Amino acid sequence: MSPENVIRRAVCPGSFDPVTNGHLDIIGRAAQLYDEVTVAVFVNQAKSSLFSVDERRELLEEVTAQYGNVRIDSFEGLVVDYCKAHGIAVIVKGLRAVSDFDYELQMAQMNRGLAGVDTLFMPTNPEYSFLASSLVKEIAKWGGDVSSLVPPNVLKRLIDRTTGA
Ligand code: PNS
């Protein structure tokens, strides 16, 4: 197949518990670089989560509906096995700060060594350099305002969940 016929696929893997504006920034930029972008929710039985995998997928479906080339999926196991099974050559990761770099570099080198899958690091928008799902959950739990950090559907779900509505 000639290079112009090759579909360039990338995956944005993560927990997305829940998706934040920082994630969305990376997903939107990846969607401009690749023909198809899969946002893959990692099913981690060992980690407790606020939202179920189905809820996280649903929220992601809603906030990425504007992108014709973004699909949502979930996976259990190694991200490189997911890539191999779906013909995906690249993992896209956002880097918020130097503190992210050590671990992300280690994973990127491991993933390339394991299966030849490369990782593209994208610097996050500085507006979101401090943003993490864990912080959003913590702030929402204590009634803090996270309306500038997450999309409206996530905000509503967070308020419902943390107030028990
Ligand atoms: O949003 P997170 O929790 O920071 O995402 C981490 C994630 C899911 C991207 C990472 O833990 C991952 O890729 N897990 C899949 C299992 C895997 O492939 N582990 C080996 C990495 S070298």
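Quick summary incoming for the structure in this document.

What counts, and at which threshold
Residues numbered from 1 in each chain as written. Predicted model: local features only at pLDDT ≥ 70, side-chain atom pairs only at ≥ 80, totals over all residues. Heavy atoms only, no water. Phe/Tyr/Trp six-rings, centres within 6.5 Å; stacked < 30°, edge-to-face > 60°. Helix = DSSP H or I, 4+ residues; strand = E, 2+ residues; numbered from the N terminus. Buried < 20%, exposed > 50% of the residue type's maximum accessible area, 1.4 Å probe, protein only. Core = buried A, V, L, I, M, F, W, Y, C linked by side-chain atoms within 4.5 Å.

**Remarks on the packing of aromatic side chains**
Here's step 1: In total, this model carries three aromatic pairs according to the counting rule given.
Here's step 2: Between Phe42 and Phe75, the aromatic rings sit 5.3 Å apart at their centres with planes inclined by 35°, giving tilted as the arrangement. Taken together, the residues span a long stretch of sequence, with Phe42 in strand β2 (residues 36–42) and Phe75 in strand β3 (residues 70–75) at a distance of 33 residues.
Here's step 3: Judged by its relative accessible area of 27%, Phe42 falls in the partly exposed class.
Here's step 4: Assessed through its relative accessible area of 7%, Phe75 is described here as buried.
Here's step 5: Taken together, Phe42, Phe75 and Tyr82 form an aromatic cluster joined through their ring pairs.

**Regarding the nonpolar core**
Here's step 1: Core analysis: the biggest nonpolar cluster contains 31 residues, and Val19, Leu60, Val92 and Leu158 have the highest contact counts within it.
Here's step 2: Examining the composition of this core, we find that five residues originate from one element, helix α1 (residues 21–33), more than from any other.
Here's step 3: Ranked by size, the runner-up nonpolar core spans ten residues in total, among them Phe75, Val80, Cys83 and Ile88.

**Overview of the environment of Gly28**
Here's step 1: Looking at where Gly28 falls in the secondary structure, it is placed in helix α1.
Here's step 2: Separated by 41 residues in sequence, Gly28 and Asn69 have C-alpha atoms that sit 10.0 Å apart.

That is the geometry; function is a separate question.
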